[in-house]
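Here's the letter readout for the chains.
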Amino acid sequence: MVKQHGWYPYEFQSGTTVAVAGDDYVVVASDTRLTENYSIQSRTHSNVYKMHNNSLLLSTGFLGDVLTLKKTLDGRIKTYEYTHNKPISTPALAQMISIMMYGRRFFPYYTNTIITGLDTDGKGCVYGFDPVGSMTQQLYACEGSAMPLILPILDANILGKNTSKPGQVKRTKEETVKMIKDIYMAACERSVELGDAVVVHTLTKEKGIETDVHPLRKD
């Protein structure tokens, strides 16, 4: 029997992130279970990373690339702020990530990346990226191992897709936090790679980042 031997540089570690933008807030969430090949590596790992300007980076996939992306981004943010003598805005940070990823297009970061924050008018903004840097601004985004379960629920709850009442549904910050917690509680019943806890961060101009941890099933 002929066998092909090769080297594959990537691994996929689980994790699921959600981001929802409102008129004056952003709510993001991540479960804390990190698995690889159905083996639990950590029960306390969050895939949300706070950046210098109160933007939040959400990234899942190959953890080595996630940490490398964050480390490189931290350095470039410092260079930007020293050069321009002002904090970087979330839209500018999103453009920076897009350029970084495109520069690695022949050996991409194996990550599912979202950047969120408030724009210059104080409105919530969410940017999603593909592995080679193509960027899209969205009302909401979901990435990670449980994305096929969660994204259709977000479609129905936020945009009214595939429901009897289509159209965007406006929610308060508190209603959005409750919706995300309920979605994670439902999804962890169907995905063995999602569990332990969900960490929910709420970002507003007045209060900055507020964090809440909600337990999920442990098995």
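Residues numbered from 1 in each chain as written. Predicted model: local features only at pLDDT ≥ 70, side-chain atom pairs only at ≥ 80, totals over all residues. Heavy atoms only, no water.

The chain goes by Proteasome subunit beta in an unreviewed UniProt entry, where it is assigned to Rotaria magnacalcarata. In its Subcellular location (unreviewed entry) section, the UniProt record describing the chain reads: "Nucleus". (UniProt positions renumbered as here; feature names shortened; annotations may be inferred.)

Caption draft 1: A look at the packing of helix α1 (residues 63-84) against helix α2 (residues 90-103). Packing of α1 against α2 brings their axes to within 11 Å, and their N-to-C directions diverge by 125 degrees. In terms of axis orientation, α1 runs oblique to α2. The two elements α1 and α2 cross, and the hand of that crossing is right-handed. Facing α1, whose interface residues are Leu69, Thr72, Leu73, Arg76, Ile77 and Tyr80, α2 presents Ala92, Leu93, Met96, Ile97, Met100 and Met101. (Axes fitted to C-alpha atoms, helices over the stretch in contact; angles between N-to-C directions. Helix = DSSP H or I, 4+ residues; strand = E, 2+ residues; numbered from the N terminus. Parallel < 35°, antiparallel > 145°, perpendicular 65-115°, else oblique. Left-handed = near helix turned anticlockwise from the far one by under 90°. Contact = heavy atoms within 4.5 Å.)

Caption draft 2: Inspection of the layout of surface pockets at higher detail. One number sums up the size of the largest pocket: a volume of about 300 Å³. If you trace the largest pocket, you find 17 residues lining it, with Ala21, Gly22, Asp23, Leu139 and Gln168 closest to the centre. Looking at the lining of the largest pocket, the elements with two or more residues in it are β1 (16-21), β9 (135-138) and α4 (173-187). Per-class residue counts for the lining of the largest pocket are seven nonpolar, six polar and four charged. Quantified by volume, the second largest pocket comes out at close to 180 Å³. At the level of elements, β7 (111-118) and β11 (197-204) are the ones that each hand at least two residues to the lining of the second largest pocket. (1 Å grid on protein atoms, 1.4 Å probe; cavity = no way out; pocket = protein on both sides within 12 Å on 5 of 7 lines; lining within 4 Å. Points joined across faces, edges and corners; volume = space filled by probe spheres on them. Nonpolar A, V, L, I, M, F, W, Y, C, P; charged D, E, K, R; others polar.)

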